[in-house]
Number of protein chains: 2
Amino acid sequence: MKATMMHPGGTITLEERPDPTIRRPTDAVVTVTAAAVCGSDLWRYRGVTPVPDARPIGHEFVGVVEAVGEQVRTLHPGDFVVAPFRWSDNTCPECRYGVQPSCRNGGNYGAPDREGLPVDGGQGEAVRVPLADGTLIKVVEHDESHLPSLLALTDVMSTGWHAAVSARVGPGATAVVIGDGAVGLCAVLAASRMGAHRVIAMSRHEPRQRLARAFGATDIVAERGADGEAAIAELTGGLGPDSVLECVGSAQSMQTAFGIARPGGVIGFVGVPHEVELPAETIFGRNLTVAGGIAPAREYLPRLLDLVLDGEIEPGRVFDLELPLAEVGEAYRAMDERRAIKSLLRVPA
Amino acid sequence: MKATMMHPGGTITLEERPDPTIRRPTDAVVTVTAAAVCGSDLWRYRGVTPVPDARPIGHEFVGVVEAVGEQVRTLHPGDFVVAPFRWSDNTCPECRYGVQPSCRNGGNYGAPDREGLPVDGGQGEAVRVPLADGTLIKVVEHDESHLPSLLALTDVMSTGWHAAVSARVGPGATAVVIGDGAVGLCAVLAASRMGAHRVIAMSRHEPRQRLARAFGATDIVAERGADGEAAIAELTGGLGPDSVLECVGSAQSMQTAFGIARPGGVIGFVGVPHEVELPAETIFGRNLTVAGGIAPAREYLPRLLDLVLDGEIEPGRVFDLELPLAEVGEAYRAMDERRAIKSLLRVPA
């Protein structure tokens, strides 16, 4: 099969790789229908996150079950499935608490499993998925128009949802979303869906502002830094928002989050932190709550799937570039150069 | 009147001071019946928190209303009142959100108010209380045996309660309390009262262990540092507690909190942070929640007052030393030398 490889220094290639097969009785092999490029893939592409040696890449995909191991009970060949961005058993104590990213037996796509057997990346023609029952969500019926939104559930929509859950967005709340990438836009959608009365999106880019409004943003703040904080204060009567959804992970965005949250407010952060400092004195002095982390996509997926299939949310609108797998290099480039919010790869090439 | 003064370097004196009078129409003057020494007073006594110039000290007191300003509506001379450890209007947006420590018009005892008028400290014979309607809680009926518990509500019990609220302790939860001072012991009581199935108190001191058990601790861990973390892991089946109530504020205690919380768990912290670092990567990687700060005692007081008067909680047991105001120096010394958990001062001297 063909699959995308990430090389040291961030070079992307599409290569011939061994077809995945069932290696463990709990495995499924999935033929990929569509895959996506993640903002976190770009950290490697740009050389910010080191890539020690060449490895398969991609962790956002949907597809069709081709084969299952003998212990798999909930899936059958021919099933259309959505794969959350990590695999997990969904039965260990951590999973039962809804923290599947901390699954005792789980792992990441593109890295060896705990027995040392290779697990494919998602940006390829097929993937061996370990712990298939605990990982994959079967979609009973859908039409082609749902495909981008189903793909968005694998990561960005689940992560945006996690930002809103972590920030305890509720009916009537005022929420500010920092970050206008695909996750930030999905966080706007999540906050709106959870009943926030006011959703303020911080974005400088007109196409993203437009999508934020379509996703339910009631206000846009284009300024950053101190000017951005002043604009938020102005919009919230000097008090600050109840909930801040931090979807970047940089020192500056976190500083903004702490600068704007009202006393007693909550900061939900889902951007992978890069040299971020959390100011204990500010949290203490203003009674803030800070929560967040790697989204438990597997936990949220059943509910989000219903919302997509019922036409209640359409997170697939974050994909503004669609290419065949063969053009995966351009899919990365377009996102890197901010020509695209998010790239969808049709598979096979 | 006589009142306690804190001098640079941490010297304590009992001095003659002007009797407080009504200075603003929203004031009340309270004749103090009993006052307490707070762990945070000790930071100044020990020279850890600098004292730039002599000032009245004390912020935990109960007493009888002696006079009220013309705009005071809920209080009358002769009322017995409990004073939360900060004064607040209880009507501004921050107060309405239940974050009275961030009151726009509030302040601390022992420091000038916003008009520059002096406000007395609590460890004296009388106190001018600004914004009396928003601050003081009237106790309709009580007997002498309730007095220590009513005094405990002014700060330590409210703060322990805040630790449990911040750590989202709920029925069936496993909670660990770090710190066996009066606040930590009250946090044990709060966690138990909120229905925690298991309350693990970390304490090395036998009398405090005994009180922790009386307050509902199901387990005691005497070890600290890595040994303490290992003991907690052992007690919680390797998973870690749902809730950690951090009641110290030191770098070591916070490190322990992050070392033990289960994935998806919550750390509620009420110890004033001293050179504490909050590890963003750990929070992110394990989906932790960190919340806490200065307790909104005014918010919790009505409910806690009912619990005391109904005999449901007896937080006054944290007082293991009772002295007349004239012996305030010994009240500090005994706590500083850990001969007493907490000192109660009977007023007048």
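Parameters and conventions
- Residues numbered from 1 in each chain as written.
- Chains lettered and ligands numbered in written order.
- Predicted model: local features only at pLDDT ≥ 70, side-chain atom pairs only at ≥ 80, totals over all residues.
- Heavy atoms only, no water.
- Salt bridge = Lys/Arg side-chain N within 4 Å of Asp/Glu carboxyl O.
- Helix = DSSP H or I, 4+ residues; strand = E, 2+ residues; numbered from the N terminus.
- Buried < 20%, exposed > 50% of the residue type's maximum accessible area, 1.4 Å probe, protein only.
- UniProt positions renumbered as here; feature names shortened; annotations may be inferred.
- Pairing = 2+ DSSP bridges.
- Axes fitted to C-alpha atoms, helices over the stretch in contact; angles between N-to-C directions.
- Parallel < 35°, antiparallel > 145°, perpendicular 65-115°, else oblique.
- Contact = heavy atoms within 4.5 Å.
- Buried area = accessible area lost by both parts, 1.4 Å probe.
- Polar contact = N/O pair within 3.5 Å; in protein donor to acceptor, adjacent residues only side chain to side chain.
- Nonpolar A, V, L, I, M, F, W, Y, C, P; charged D, E, K, R; others polar.

Peer 1: I'd love a proper account of the pattern of salt bridges, names of residues and values included.
Peer 2: For side chains of opposite charge, pairing can occur when their charged atoms come near one another. Applying the stated criterion across every chain yields a total of 38 salt bridges over all chains. A salt bridge links Asp27 of chain A to Arg128 of chain A, with the shortest nitrogen-to-oxygen separation between them at 2.8 Å. Highlighted residues: Asp27 of chain A in the loop between strand E2 (12-16) and strand E3 (28-36) and Arg128 of chain A in strand E9 (residues 126-129), separated in sequence by 101 residues. Assigned by exposure class, Asp27 of chain A and Arg128 of chain A land together as buried. Across the pair Asp180 of chain B and Arg338 of chain B runs a salt bridge whose closest N-O atoms are separated by 3.3 Å. Here Asp180 of chain B, found in the loop between strand E11 (174-178) and helix H6 (182-193), pairs with Arg338 of chain B, found in the loop between helix H12 (328-336) and strand E18 (343-346); they are 158 residues apart in sequence, far enough to count as distant. Under the relative-accessibility criterion, Asp180 of chain B is labelled buried at 9%. When salt bridges that share partners are traced, they join Glu330, Arg333, Glu337 and Arg339 of chain A into one network.

Peer 1: I'd love a proper account of unusual backbone geometry, names of residues and values included.
Peer 2: Geometrically, the link from Val347 of chain A to Pro348 of chain A is a cis peptide bond, its omega value of 5 degrees lying close to zero. Counting through the fold element by element, Pro348 of chain A comes out in the segment after strand E18 (343-346). Of note in this structure, Leu131 of chain B is not a glycine but carries a positive phi near 45 degrees. Relative to the helices and strands, Leu131 of chain B resides in the loop between strand E9 (126-129) and helix H3 (132-135). The phi dihedral of Arg338 of chain B falls on the positive side, at around 55 degrees, and the residue is not glycine.

Peer 1: So what about the UniProt feature "domain: Enoyl reductase (ER)" (unreviewed entry) in chain A? Which residues, and what values?
Peer 2: Per the UniProt record, "domain: Enoyl reductase (ER)" (unreviewed entry) is annotated on residues 9-345 of chain A. The annotated region residues 9-345 of chain A carries 31% helix and 21% strand content, and the separation between its end C-alpha atoms amounts to 22 Å.

Peer 1: Give me the sheet that holds strand E4 (residues 55-56) of chain A: which residues, what numbers.
Peer 2: Residues and elements named next belong to chain A. An order of E2-E1-E4 is seen for the three strands of this open sheet, with the pairing classed as antiparallel. Of all strands in the sheet, those bounded by a partner on one side alone are E2 and E4. Where strand E1 (residues 2-6) meets E4, two bridges bridge the pair, whose relative direction is antiparallel. For Met6, the partnering residue across the bridge sits in E4 and is Arg55.

Peer 1: I'd like a description of the packing of helix H5 (residues 156-166) of chain B against helix H11 (residues 297-309) of chain B, backed by residues and values.
Peer 2: All names here are of chain B. Look at H5 against H11: their axes get within 10 Å of each other, and the N-to-C directions meet at 105 degrees. Overall, the two elements H5 and H11 adopt an arrangement that is roughly perpendicular. Contacts from Met157, Ser158, Trp161, His162 and Val165 in H5 reach Ala297, Tyr300, Arg303, Leu304 and Leu307 in H11.

Peer 1: Provide a residue-level description of the pairing of strand E6 (residues 80-83) of chain A, including the pertinent values.
Peer 2: The side chains of a regular strand alternate between the sheet's two faces. All names here are of chain A. Burial along E6 is two-sided: Phe80 and Val82 and Val81 and Ala83, pointing in opposite directions, are all buried. One ladder, built from four bridges, connects strand E5 (residues 61-68) with E6; its direction is antiparallel. Bridging from a neighbouring strand, Phe61 pairs with Ala83 of E6. As judged from the three bridges shared by E6 and strand E10 (residues 137-139), these two strands associate in the antiparallel manner. Opposite Val82, over in E10, you have Ile137 as the bridge partner.

Peer 1: I'd like to hear about the environment of Ala334 of chain A, residue by residue, with values.
Peer 2: All names here are of chain A. You can see Ala334 is positioned in helix H12 (residues 328-336). What makes Ala334 buried here is its relative accessible area of 1%. Taking the C-alpha atoms as reference points, Ala334 and Glu94, separated by 240 residues in sequence, lie 37 Å from one another. Aside from chain neighbours lying at most four places away, what touches Ala334 is Leu321, Arg339 and Ala340.

Peer 1: Got a sec to walk through the interface of chain A and chain B? Specific residues and values, please.
Peer 2: Taken together, the contact between chain A and chain B spans 36 residues of the former and 36 residues of the latter. Buried surface at the junction of chain A and chain B, both sides included, amounts to about 2900 Å², of which 62% is carbon and sulfur. The three residues of chain A that bury the most area against chain B are Tyr97, Phe284 and Asn287 of chain A, which together make up 23% of that side's buried surface. Put simply, chain A and chain B have ten residue pairs in polar contact (both at pLDDT 80 or more) between them. Elements with a minimum of two residues in the side of chain A that touches chain B: helix H2 (93-96), helix H10 (280-286) and strand E16 (289-292) of chain A. A per-element tally of the side of chain A that touches chain B places H10 of chain A first, with six residues. Here the side of chain A that touches chain B is composed, by residue class, of 19 nonpolar, ten polar and seven charged. Here three bridges tie E16 of chain A to strand E16 (residues 289-292) of chain B, and the two strands are oriented antiparallel to one another. Note that in E16 of chain B the partner of Ala291 of chain A across the bridge is Thr289 of chain B.

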